[in-house]
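Analysis of the macromolecular model
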Amino acid sequence: MGKLFKNVRLYIAVAVIVLLSAVFYGFTTSREFLFSKNLDIFFSLVRELSVFYVDEIDPEQLINNGIKGMLSELDPYTTYIPESERESFNTMTTGRYGGIGSLIRQSGEFVIVTEPYEDSPAARFGLIPGDLLLEIDGKSIRGVSVSDVSDMLRGLPNSPVRLKIKRIGIEEPLEKNIVREEIRINPVSYWGMIGDNTGYIRLSGFTEDAHKEVKHVLTILKARGAKSLILDVRGNPGGLMFEAVNISNMFLNRGLEIVSTRGRIKQYDNSYKGRNAPFDTEIPMVVLVNRGSASAAEIIAGAIQDYDRGVIIGQRTFGKGLIQTTRPLSYNAQMKVTTAKYYTPSGRCIQAVDYSTRNEDGSVAFIPDSLMKPFSTKNGRTVYDGGGIEPDIRTEPETMSRISASLYLKNFIFDYANLYVHKNPAKVHPEEFSLTMVEFSDFLKFLEGKDFDYETESEENLKRLIETARNERYYDLAKEEFAALKLKLAHDKDKDLQVFSDEIIRLLNDEIIGRFYYQSGRVRHSLGRDRDVARALEVLQNPVLYSSILSGRPVK
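Criteria and cut-off values
Residues numbered from 1 in each chain as written. Predicted model: local features only at pLDDT ≥ 70, side-chain atom pairs only at ≥ 80, totals over all residues. Heavy atoms only, no water. Helix = DSSP H or I, 4+ residues; strand = E, 2+ residues; numbered from the N terminus. Buried < 20%, exposed > 50% of the residue type's maximum accessible area, 1.4 Å probe, protein only. Contact = heavy atoms within 4.5 Å. Lys, Arg positive; Asp, Glu negative; His and termini not counted. Charge placed at Lys NZ, Arg CZ, Asp CG, Glu CD. Pairing = 2+ DSSP bridges. Core = buried A, V, L, I, M, F, W, Y, C linked by side-chain atoms within 4.5 Å. Phe/Tyr/Trp six-rings, centres within 6.5 Å; stacked < 30°, edge-to-face > 60°. Expected span 1.5 Å × (residues − 1). Patch = residues over 30% accessible without salt bridge, like charges linked within 9 Å, V, L, I, M, F, W, Y side chains within 5 Å. Areas by Shrake-Rupley, 256 points an atom, 1.4 Å probe, with all protein chains shown as cover. Salt bridge = Lys/Arg side-chain N within 4 Å of Asp/Glu carboxyl O.

Looking only at helices and strands, the protein features 17 helices and 21 strands. For the protein, the spread of C-alpha atoms along the principal axes amounts to about 115 × 75 × 75 Å. In the protein, which comprises 556 residues, the proportion classed as buried is 42%. In the protein, once contacts between residues fewer than 6 apart in sequence are set aside, the share between residues at least 24 apart is 70%. On the protein, the mean spot of the 71 positive side-chain charges and the mean spot of the 75 negative ones are 7 Å from each other.

Have a look at this one:
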């Protein structure tokens, strides 16, 4: 009996151990099992579709769409890069590619040149904005997409490409034989002096060696007498993190933490410090930011603000605080996957949206002000997290009227600039040029018969109100009042052209100046009327105000 009892106890113990082992093993393997199970289901589903679906299926497109759909559940920055798109991805990170160097867009069945890059083969061989591409190397591009035309224009440096184009004012097509070069998109789109002692740098991206370009122009600006600096990263979408660290290091002492990263995997927890001797830790500086300043641009703004090294002016930045790492996949494909989040030196997380927590409809929301946490700068000023960098001095963003937006988006501004330059080929002065009212009248004649209708915000709101009233069955009770209000709120295009003439003329000026001086000319032209730049100059030219902002003590 005792022996039997011992055996029962042994069997029970063994059973418990086996059960616990199975449970433990299940916990450790359930994740892998679910992956294997669902991948097998996915593979069998694709196989069945390829055999039995009523129409022919493109397997590559089907799988690509499946991958994109899967990744869309994560965040917008985790993306799949097939082999066919690797060159475009490399261009984004390096700023270099082999080609002719021009911006293009769709124009009906063809593709049109919108702007050659300054000092590019396209510019030197005589391409101008408005040139319609008819053929590339003898092949018609009628109906060919912009991306495919872009691929046809790219190629090895020193290789030729033959273009047939249609140019405004010339009846017969022209032929252009252009030799491709390595095109480098300069991350510093403009730099120069504003007044006698303020240097200005427009930094448009963070491609390879961006810090070297910034250091180069800083050296020249200092030699020209710059006693203060405006670093403009408005509209800068970011790029390589190490470039942001190196640029910040130019103004911050070696050894200071500039940004840190934290991820789910320990290897992505890192602190990035300045490793080089700084360029200038004393020069008064302003960093201009806006809603389009993201990622690497926010690293610079956050570090400068946290160390009270300069004044941040503009609007709250985008809040893109997710860092991506490129991982190799089979068949030369790649995946850009989010592996960590950025944190400023004070400990603020830059990321504004938590993609891991979604609403019932799948949407995501920004962190509300009530949940933002306070942090302290070096001088004890209070700053907050919650995504993005809140400027020390907030300014209102410039807005565009609906009529101006319609004229711009429908390319009437672009088309008229082409006509203007054809009739007036002499170079204009970028700082002083402006269309006269007589020339603006010519633009109004150009618009006659063209469709550029639009809805004002008031009209859109009224339309939504009427829709709501219909749904709630109140519309018939106020039908006449709605009709009268609709008539009163209806926009008058001719009147709006006059009311917003100054704004429309500015758009035309920018486009025309760009024909002669490219992007740098547009910036030169805009600086004189840039409200954020004016505010920056006001701060830099008042040492007491500048110091009071950074110390957190208001001027008495």
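With that settled, consider the sheet that holds strand S15 (residues 285-289). Strand order in the open sheet made by the six strands is S10-S11-S12-S15-S16-S21, with mixed pairing throughout. Two strands bound the open sheet, and with one partner strand each, they are strand S10 (188-194) and strand S21 (393-394). Taken together, the four bridges between S15 and strand S16 (residues 311-314) define a ladder with parallel strand orientation. Bridge pairing in S16 places Val287 opposite Ile312.

This part is about the nonpolar core. In terms of nonpolar packing, the biggest core is built from 42 residues, with Ile201, Leu203 and Ile247 touching the most fellow members. Of all elements in the fold, only strand S11 (198-203), helix H6 (210-223), strand S12 (228-232), helix H7 (241-249), strand S13 (257-263), S15, helix H8 (296-306) and strand S18 (334-343) reach the threshold of two or more residues within this core. Counting residues per element, this core draws most heavily on H8, at seven residues. Contact partners of Ile247, with chain neighbours within four places excluded, come to Leu203, Phe206, Ala210, His211, Val214 and Ile300. Judged by nonpolar contacts, the second largest core, of 27 residues, contains Ile403, Phe443, Leu444 and Ile505.

Enumeration according to the criterion identifies eleven aromatic pairs in this entry. A centroid spacing of 6.4 Å and a plane angle of 80° characterise the contact between Phe412 and Phe452, whose relative ring orientation is edge-to-face. Of the two residues, Phe412 is situated in helix H10 (residues 412-423) and Phe452 in the loop between helix H11 (437-447) and helix H12 (457-471); the sequence distance between them amounts to 40 residues. Measuring from ring centre to ring centre gives 5.5 Å for Tyr475 and Phe482, while their planes differ by 10°; the resulting arrangement is stacked. An aromatic cluster of at least three residues, connected via ring pairs, comprises Tyr416, Tyr420, Phe433, Phe440, Phe443 and Phe446.

Counted at 1.5 Å a residue, the expected span for H10 with its twelve residues is 16 Å, and the 16 Å between its end C-alpha atoms agrees. The elements touched by buried residues of H10 are strand S3 (102-107), strand S4 (110-116), helix H9 (402-409), H11 and helix H15 (501-527).

Below, the discussion takes up a nonpolar patch on the surface. There is a patch of nonpolar side chains on the surface, built from Met400, Tyr408 and Leu409 and spanning about 330 Å² of accessible area. The residue Met400 is located in the loop between S21 and H9 in this model. For Met400, a relative accessible area of 42% gives the class partly exposed.

Further remarks concern helix H17 (residues 543-551). Looking at H17, one finds that the buried residues are Leu545, Tyr546, Ser548, Ile549, Leu550 and Ser551. In the core, the buried residues of H17 are packed alongside S15, S16, S21 and helix H16 (531-540). Remark: Gly552 follows H17 within two positions and exhibits a positive phi of approximately 80°.

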